[in-house]
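Single-letter residue listing:
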Amino acid sequence: MHEFRYKRNDLYCENVKIRDLAEKFGTPLYVYSYTTLIGHFLKLKSAFQAVNPLICYSVKANSNLAILRALVDKGAGLDIVSGGELFRAKKAGCPAERIVYASVGKTAYEIEEAIKSGILFFNVESFPELKNIQHIARRLKKRVKVALRINPDVEPKTHKYITTGKLTNKFGIDFESARRIILLTRGFSHVEISGLHIHIGSQITTGEPFAAAITKIIGFIRGLKREGIVIEYLNIGGGLGIVYDREMPQTADKFAARILPLLKKSGLKIIMEPGRFIVGNAGILVTRVLYVKNTPKKKFIIVDGGMNDLIRPALYEAYHQVLPVIKGFGREAEAEKADVVGPICESGDFFAKDRVLPLVEEGDCLAVMGAGAYGFSMASNYNSRRRPQEIMVNKDKAFVIRKRESYGDLVHNESIPREFK
Ligand code: LLP
């Protein structure tokens, strides 16, 4: 559910007309709904109230400071994966004890910064990483908490690029190795394994894979207890799917109904790391039609947004709904199959393929829906394109939360060696 709706023929974000935003700020343009963003966070929070989880929003989904601050203000923690995300988390005012840090490849520098900041814990992905954390923590004379990321070997039934919980994926540690590591680490002076972590994949639309993974891990924790090892936290990761097309993902309440009984019985402190569920449908990409090109085989609607702005269709063949910003354009009944493509020099540069769309003309605007998660955060400057502006709407107000980049920004860090002159 989201706050992007038609009133008469105009697409609105909350009480603001998208066409006015496109006019005022130019395109391509990301537009987010504050009400949708916070609404999704609160839905999850209330569905899981019985275990009072720490919901650490996954920064990688959309790392704009305004989005982070809005969520942190409502009590969210943050799930980070790099020094850059730690920097953002601190800038957004997130208390350190609400930050968890995952990633298979944390550098010594990043580990040191995170320890100094006093984050809640690291989600550790390998034994060499654990030894490195112990080494750095000892040097800094700090005792740190960690959670081991377990790879529970379950099939999440999602796109292969966003599956993470199979043993053929690079993520996490298998149960047997985890047990050995936990026993070995008992002798570590500066590291304490106080939690276990799983994240089995992204855009998962049913509760079953989660239930399977959680059941496995709770059984494992019980086994550890028999050996005298007490685990305090269980981090169940993110991965909750949203509606892009015709999928019917579980609601927060349905998800809770499936897994809350397991969590409650475990008596563990629960952490969650949702990204897409919170921000995915809270954002759209608005783009303007540059040209309509008919070839003997196809019709192409060429727009001013490209794969550098939103890479999901190019990278995963992901489906995003494409809607006219003004419905019908006065020709309601007419529709035609077309590809919506960007200006970039790659055939993978498309937002929609063979899609039945209303007839559009040069200058009309289209909205690429469900672009709030992994949209701007995966944007690049490919083809020396400036990354788009981002706008946050709250009721009838629109705030610029990121300016469009300038040409100067593109070359800001570059220099030409003197010899070349
Ligand atoms: N926790 C960990 C350890 C993760 O790796 C991820 C996402 C999340 C939480 C948040 O997952 P979410 O709730 O958003 O599904 N770029 C891809 C998605 C990659 C997800 C990477 N990890 C896409 O556009 O579909």
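Residues numbered from 1 in each chain as written. Predicted model: local features only at pLDDT ≥ 70, side-chain atom pairs only at ≥ 80, totals over all residues. Heavy atoms only, no water.

Student: What is the right way to read the site of the ligand from this model?
Tutor: Not every one of the 18 residues close to the ligand is listed here, only the nearest: Ser202, Glu273, Arg312, Tyr316 and Tyr374. The separation between an oxygen atom of the ligand and a polar side-chain atom of serine 202 is 2.3 Å. Between an oxygen atom of the ligand and a side-chain N or O atom of arginine 312, the distance comes to 2.6 Å. When the free accessible area of the ligand is taken as 590 Å², the share hidden by the protein chains comes to 91%. Looking at the shell around the ligand, its residues break down into five nonpolar, seven polar and six charged. No fewer than three residues from each of domain 1 (4-31 + 280-410) and domain 2 (34-276) sit in the shell around the ligand. (Near = heavy atom within 4 Å. Polar contact = N/O pair within 3.5 Å; in protein donor to acceptor, adjacent residues only side chain to side chain. Areas by Shrake-Rupley, 256 points an atom, 1.4 Å probe, with all protein chains shown as cover. Nonpolar A, V, L, I, M, F, W, Y, C, P; charged D, E, K, R; others polar. Domains from an automatic or database assignment.)

Student: Please explain the side chain of glutamate 129 as it appears in this structure.
Tutor: By secondary structure assignment, the location of glutamate 129 is in helix α6 (residues 127-140). Polar contacts involving the side chain of glutamate 129 include one to the side chain of lysine 106, which spans 2.5 Å. Polar side-chain contacts of glutamate 129 include one of 3.0 Å to the backbone nitrogen of glutamate 125. Discounting residues that sit within four places of it in the chain, glutamate 129 has contacts with Ser103, Val104, Lys106, Asn123 and Val124. (Helix = DSSP H or I, 4+ residues; strand = E, 2+ residues; numbered from the N terminus. Contact = heavy atoms within 4.5 Å.)

Student: Just checking my understanding: could you explain the pairing of strand β12 (residues 269-272) for this structure?
Tutor: Within a regular strand, the side chains alternate between the two sheet faces. In this structure, strand β5 (residues 54-58) lies alongside β12, joined through two bridges in parallel fashion. Across the sheet, isoleucine 55 pairs through a bridge with methionine 272, a residue of β12. The sheet contact formed by strand β11 (residues 233-235) and β12 spans three bridges and is parallel. Its bridge partner being in β12, asparagine 235 is matched across the sheet by isoleucine 271. Note that the unit made of β11, helix α9 (residues 252-266) and β12 has a crossover that is right-handed. (Pairing = 2+ DSSP bridges. Right-handed = clockwise from strand over helix to strand, strands pointing away.)

Student: Would you explain the packing of aromatic side chains in this entry?
Tutor: The geometry of an aromatic ring pair comes down to the distance between the two centres and the angle between the two planes. Scanning the model with the defined rule gives eight aromatic pairs in all. Here the aromatic rings of tyrosine 30 and tyrosine 32 are separated by 6.1 Å at their centres, their planes lie at 5 degrees, and the arrangement is stacked. Of the two residues, tyrosine 30 and tyrosine 32, neither departs from the other in class, the shared state being buried. Seen in terms of ring centroids, phenylalanine 175 and phenylalanine 220 are 4.9 Å apart; in terms of plane orientation they differ by 55 degrees. Their pairing is tilted. (Phe/Tyr/Trp six-rings, centres within 6.5 Å; stacked < 30°, edge-to-face > 60°. Buried < 20%, exposed > 50% of the residue type's maximum accessible area, 1.4 Å probe, protein only.)

Student: Which parts of the structure should I look at to understand the packing of helix α2 (residues 34-47) against α9?
Tutor: A pair of packed helices is captured by two measures, namely the crossing angle of their axes and the spacing between those axes. The N-to-C vectors of α2 and α9 enclose an angle of 30 degrees; their axes lie 9 Å apart at closest approach. By the angle class used here, α2 and α9 are roughly parallel. Classified by chirality, the crossing of α9 by α2 is right-handed. Taken together, the residues of α9 that come into contact with α2 (itself represented by Lys43, Leu44 and Ala47) are Ala252, Asp253, Ala256 and Leu260. The class makeup of the residues in the contact of α2 with α9 is five nonpolar, no polar and two charged. (Axes fitted to C-alpha atoms, helices over the stretch in contact; angles between N-to-C directions. Parallel < 35°, antiparallel > 145°, perpendicular 65-115°, else oblique. Left-handed = near helix turned anticlockwise from the far one by under 90°.)

Student: When you look at the packing of helix α4 (residues 83-91) against helix α5 (residues 108-117) in this model, what are you seeing that I'm missing?
Tutor: At a closest axis distance of 9 Å, the pairing of α4 and α5 adopts a crossing angle of 25 degrees. Here α4 is positioned roughly parallel relative to α5, judged by the angle of their axes. Viewed along their axes, α4 and α5 form a crossing whose handedness is left-handed. Facing Gly83, Leu86 and Lys90 of α4, the residues of α5 in contact are Glu110, Glu113, Ala114 and Ser117.

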